[in-house]
Amino acid sequence: MAKKIVAANWKMNNDEYSSKSLAYEFLKLVSRQNNIETIKIICVPFPFLATINLMCQGAESVFVGAQNCSSHDKGAFTGEVSANMLQSLKIPYVIIGHSERRELFFEKNKDLIKKVELAIENNISPIFCCGEPLGIREKNNHIDYVINQLEETVFNLNTEDFSRLILAYEPIWAIGTGKTASNEEIQEMHSAIRKSITKKYGSSISQKTSVLYGGSVKSVNAKEIFDLKDVDGGLIGGASLNAQEFIDIVNSNN
Ligand code: PGA
């Protein structure tokens, strides 16, 4: 069985004080009602990783993740943060290939696989994002498009490395728009992803791979999405910036 996971993607929001307060509020709610079967990952901006990682120590099934890492291992890359730096802070997860990175920072599949490999070498599990833009869905090419994203990246990993991954399907047109994909659309894509993993790595690995859905997930729609057969949890943006809302989403995944 794949692990149930709900990950928060705080993106570039909040200063240090508000980030610590948000983490504190969340941890307080977790301590009252910890659904320990569901892994909770809070992906925070780089400057707050160390502090929030420390705050989360001792909270069962709560982990901290970064939102990106460099495709280079070290050297003259001003402004970049390496997977090795994250490892030195004991950060266990990193989001790679978020559509905002692909679209706004022009990250290509060939860069993303390097990031994935460096993360794994540094013992960090990537949360690897895939998803189609609206135009591709309107042309009904969404499944081929997403499977191709996986084929050009993570399907090049060996079985052992692939089994370190968490996948997140996020249709770009549903991110931050308030527009969620329908349950049928979500299940259709998750099932196609699951089948493609089975084809490449076999059914045992496929059943153990957590495939999250992301895109305007809120406490009001989380349960019906998480109950879909091939959905193992969510990657939550806007709604994760409110501790109560986020814990309600986490507790919808059981
Ligand atoms: P959203 O973002 O929940 O605000 O739509 C999801 C994401 O970008 O990971």
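Here is a short report on the structure shown in this document. Only a predicted model underlies this, so the values are computations on that prediction, with no experimental measurement involved.

### Regarding the site of the ligand
- Lining the immediate surroundings of the ligand are 13 residues, of which K11, H98, E170, G176 and S216 lie closest.
- With respect to the ligand, the side chain of E170 contributes an N or O atom lying 2.7 Å from an oxygen atom.
- G238 places a main-chain nitrogen or oxygen 2.8 Å from an oxygen atom of the ligand.
- Considered on its own, the ligand offers 280 Å² of accessible surface; in the complex 96% of this is hidden by protein.
- Class assignment of the residues belonging to the shell around the ligand gives a composition of four nonpolar, seven polar and two charged.

### Looking at the packing of aromatic side chains
- Taken as a whole and assessed by the stated rule, the structure comprises six aromatic pairs.
- Ring plane angle 15° and centroid distance 4.2 Å describe the contact between F162 and Y201, whose orientation is recorded as stacked. One end of the pair, F162, is in helix α8 (residues 159-162); the other, Y201, is in helix α9 (residues 183-201), with 39 residues separating them in the sequence.
- On the basis of relative accessibility, which here comes to 0%, the residue F162 falls in the buried class.
- The ring centre of F105 lies 4.0 Å from the NZ or CZ of R101, which sits over that ring.
- The ring of Y201 has K200 lying over it, and the distance from NZ or CZ to the ring centre is 5.9 Å.

### A word on the layout of surface pockets
- Roughly 440 Å³ of volume is contained in the largest pocket.
- As for the largest pocket, its lining consists of 15 residues, of which K11, M12, Q67, R101 and F105 are closest to the centre.
- Top element by residues in the lining of the largest pocket is helix α4 (residues 99-104). It accounts for three residues.
- Residue composition of the lining of the largest pocket, grouped by class: eight nonpolar, four polar and three charged.
- Counted as a void, the second largest pocket has a volume near 280 Å³.
- For the lining of the second largest pocket, the secondary-structure elements that each account for two or more residues are α9 and α10 (203-208).
- Of the residues in the lining of the second largest pocket, the class split is five nonpolar, four polar and six charged.

### Quick notes on the environment of I5
- Here I5 lies in strand β1 (residues 4-9).
- By relative accessible area, which is 3% here, I5 ends up buried.
- With 36 residues separating them along the chain, I5 and I41 place their C-alpha atoms 7.6 Å apart.
- Each residue touching I5, except ones within four places of it in the same chain, is listed here: T38, I39, I41, I166, S210, L212, D232, G233, G234 and N253.

Here is what the cut-offs are and how they apply
Residues numbered from 1 in each chain as written. Predicted model: local features only at pLDDT ≥ 70, side-chain atom pairs only at ≥ 80, totals over all residues. Heavy atoms only, no water. Near = heavy atom within 4 Å. Polar contact = N/O pair within 3.5 Å; in protein donor to acceptor, adjacent residues only side chain to side chain. Areas by Shrake-Rupley, 256 points an atom, 1.4 Å probe, with all protein chains shown as cover. Nonpolar A, V, L, I, M, F, W, Y, C, P; charged D, E, K, R; others polar. Phe/Tyr/Trp six-rings, centres within 6.5 Å; stacked < 30°, edge-to-face > 60°. Helix = DSSP H or I, 4+ residues; strand = E, 2+ residues; numbered from the N terminus. Buried < 20%, exposed > 50% of the residue type's maximum accessible area, 1.4 Å probe, protein only. Lys NZ or Arg CZ within 6 Å of the ring centre and 35° of its normal. 1 Å grid on protein atoms, 1.4 Å probe; cavity = no way out; pocket = protein on both sides within 12 Å on 5 of 7 lines; lining within 4 Å. Points joined across faces, edges and corners; volume = space filled by probe spheres on them. Contact = heavy atoms within 4.5 Å.

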